[in-house]
Amino acid sequence: MLRQQDVGHRIVVRRIVGIREGRTLFSDALGELVELSETHITLSTDAGPLRVPVAEVHRAKRVPPARRPTAAAVVALELAADEAWPAPVRGRLGDWRLRWADGWTGRANSALPVGDPDRPLPAALDAVQRWYAERGGSALVNTPLPLAAPVGAELDARGWTSRPPVLVQTVPLRTLTVPPAVPLPTSTPLPADVPADVPPVTLTDAPADDWLAIAAGRKGGLPDAARQVLTGTPRVRFAELREDGRLLAVGRGTVTGAGRWLGVSLLETVPEARRRGLAATVVRALAGWGAAEGATHAFLQVEQSNSGAVALYRGLGFTTHHTYLTRVAPAA
């Protein structure tokens, strides 16, 4: 059967649909797992969403994606994501990236093992551990899969643990509802399918204090290194959605990867304003800016156990490009 880590992946479900002449009848469904609860499996199929009661499931399992991205495509997207979340302290080990931001977020405090580390793998991982130890931190390694599977196997042998899997998801910008490009900062017109009571989105080139407060609440504080991560990308916008002056939803957009990729991060709606379509409106506003900047695709990173966010992004057209695990060194 399925587990929460299968959310966001392609699955096949064989369900019981009836009995005829004493024989059980089955029907198979293929699609992306959107939500897994104790009572239902929800998947997105070519024919639309399908919600299957668990009591009707005879068998369900993950299956390979219809098309795997090439190693070059995974590397290019990982490097674009690295540009979009720039750690203030950086090092290199051959092609590998070493990143440090005083412990703020795993992405900004981990090694990215893509390319050739310029030495045997065991020696490279020893060097990674020394680099982080010199900065007073524990070593983390982000392993894009299946690209970094050999690195993962070596870390397994060394007793490293894993944080929850993360989905790297993408969508062509043309498939999003893109509002017209307008000078920034400005209020962005809403697409026709957004409810009339949704306020407009403002995009700014620097985060307001209340924007930072929402980000701090989500990420457990904002040290100086965090502000460098948030603002260190040359092309960046901070989305604000306000109602009567109160900030209800935020998001951050960057354009990296030689101008191809719009990165969406720190999408958040305050609890009392959820289920109004505000997060989707913020994404579409950032998509409008990204398209005006020349980007052709958007990406984001989401823990696959976050079924609500995965469902939101699936509704906007995002699909899983690849996954990664953040590997954690054992305690000394």
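Residues numbered from 1 in each chain as written. Predicted model: local features only at pLDDT ≥ 70, side-chain atom pairs only at ≥ 80, totals over all residues. Heavy atoms only, no water.

(A) Inspection of the overall build of the protein at higher detail. Check the secondary structure of the protein and you find 7 helices and 17 strands. Overall, the C-alpha framework of the protein stretches about 70 × 55 × 35 Å when taken along its three principal axes. Taking all 332 residues of the protein together, the buried fraction comes to 48%. For the protein, restricting intrachain contacts to residue pairs at least 6 apart in sequence, the fraction spanning at least 24 positions comes to 65%. (Helix = DSSP H or I, 4+ residues; strand = E, 2+ residues; numbered from the N terminus. Buried < 20%, exposed > 50% of the residue type's maximum accessible area, 1.4 Å probe, protein only. Contact = heavy atoms within 4.5 Å.)

(B) Structural detail: the environment of E303. Mapped onto the elements of the fold, E303 is located in strand β16 (residues 297-303). E303 gets classed as partly exposed once you look at its relative accessible area, which sits at 38%. Excluding residues within four positions of it along the chain, E303 makes contact with P164, P165, V166 and V310.

(C) Region of interest: helix α7 (residues 307-315). Within the sequence span of α7, burial applies to A309, V310 and Y313. Taken end-on, α7 shows its buried residues confined to a sector of 100°, consistent with a single buried face. For α7, the elements touching its buried residues are β2 (23-36), β10 (166-172), β15 (261-269) and β16. The first or second residue beyond α7 is G317, which carries a positive phi of 105°. (Arc of directions from axis to C-beta.)

(D) Broad picture of the pairing of β2. Pairing geometry for strand β1 (residues 10-20) and β2, over 10 bridges, is antiparallel. Bridge pairing in β2 places I19 opposite T24. As paired elements, β2 and strand β3 (residues 40-45) share 4 bridges and run antiparallel to each other. What sits directly across from L36, in β3, is I41. The antiparallel pairing of β2 with β3 creates a hairpin that spans 3 residues between the two strands. (Pairing = 2+ DSSP bridges.)

(E) Main features of unusual backbone geometry. In this structure, P146 follows L145 across a cis peptide bond, with omega equal to 5°. Note on placement: P146 falls in the loop between β8 (140-145) and α3 (149-157). Notably, D118 is not glycine yet its phi reads approximately 70°, a positive angle. Mapped onto the elements, D118 comes out in the loop between β7 (96-100) and α2 (121-134). Although it is not a glycine, L266 sits at a positive phi angle of roughly 50°.

(F) Main features of the packing of aromatic side chains. Evaluated as defined, the whole model comprises 6 aromatic pairs. With a centroid separation of 4.9 Å and an interplanar angle of 80°, the aromatic rings of W131 and Y132 are classed as edge-to-face. The same class applies to W131 and to Y132, which are both buried. Taking 6.1 Å as the distance between ring centres and 80° as the angle between the ring planes, the aromatic pair formed by W261 and F299 counts as edge-to-face. Pair noted here: W261 is in strand β15 and F299 is in strand β16, with a separation of 38 residues, a long-range link. The pair formed by W261 and F299 is uniform in burial state, with each residue classed as buried. An aromatic cluster is defined as three or more aromatic residues linked by ring pairs; in this entry it consists of W100, W131 and Y132. Seen from the ring of W85, R107 lies directly overhead, with NZ or CZ sitting 4.1 Å from the centre. When the ring centre of W131 is taken as origin, the NZ or CZ atom of R135, which lies over that ring, is 3.9 Å away. (Phe/Tyr/Trp six-rings, centres within 6.5 Å; stacked < 30°, edge-to-face > 60°. Lys NZ or Arg CZ within 6 Å of the ring centre and 35° of its normal.)

(G) Examining the confidence of the model for the protein more closely. Within the protein, residue pLDDT values average 89, and 94% of them lie at 70 or more. At the low end of the mean pLDDT range in the protein sits strand β11 (residues 187-188), at 39; at the high end sits β7, at 98. (pLDDT = per-residue confidence, 0-100.)

(H) Spatial organisation of the pattern of salt bridges. Taken as a whole, this structure holds 16 salt bridges when the rule is applied. The salt bridge involving D28 is made with R14; its shortest N-O contact spans 2.8 Å. Of this pair, D28 sits in strand β2 while R14 sits in strand β1, and the two are 14 residues apart along the sequence. The shortest N-O distance in the salt bridge between R235 and E293 comes to 3.1 Å. Of the two residues, R235 is situated in the loop between α5 (224-231) and β13 (236-243) and E293 in the loop between α6 (278-292) and β16; the sequence distance between them amounts to 58 residues. By relative accessible area, which is 30% here, R235 ends up partly exposed. The class for E293 is partly exposed, based on a relative accessible area of 31%. The network of salt bridges with common partners includes D82, R90 and R99. (Salt bridge = Lys/Arg side-chain N within 4 Å of Asp/Glu carboxyl O.)

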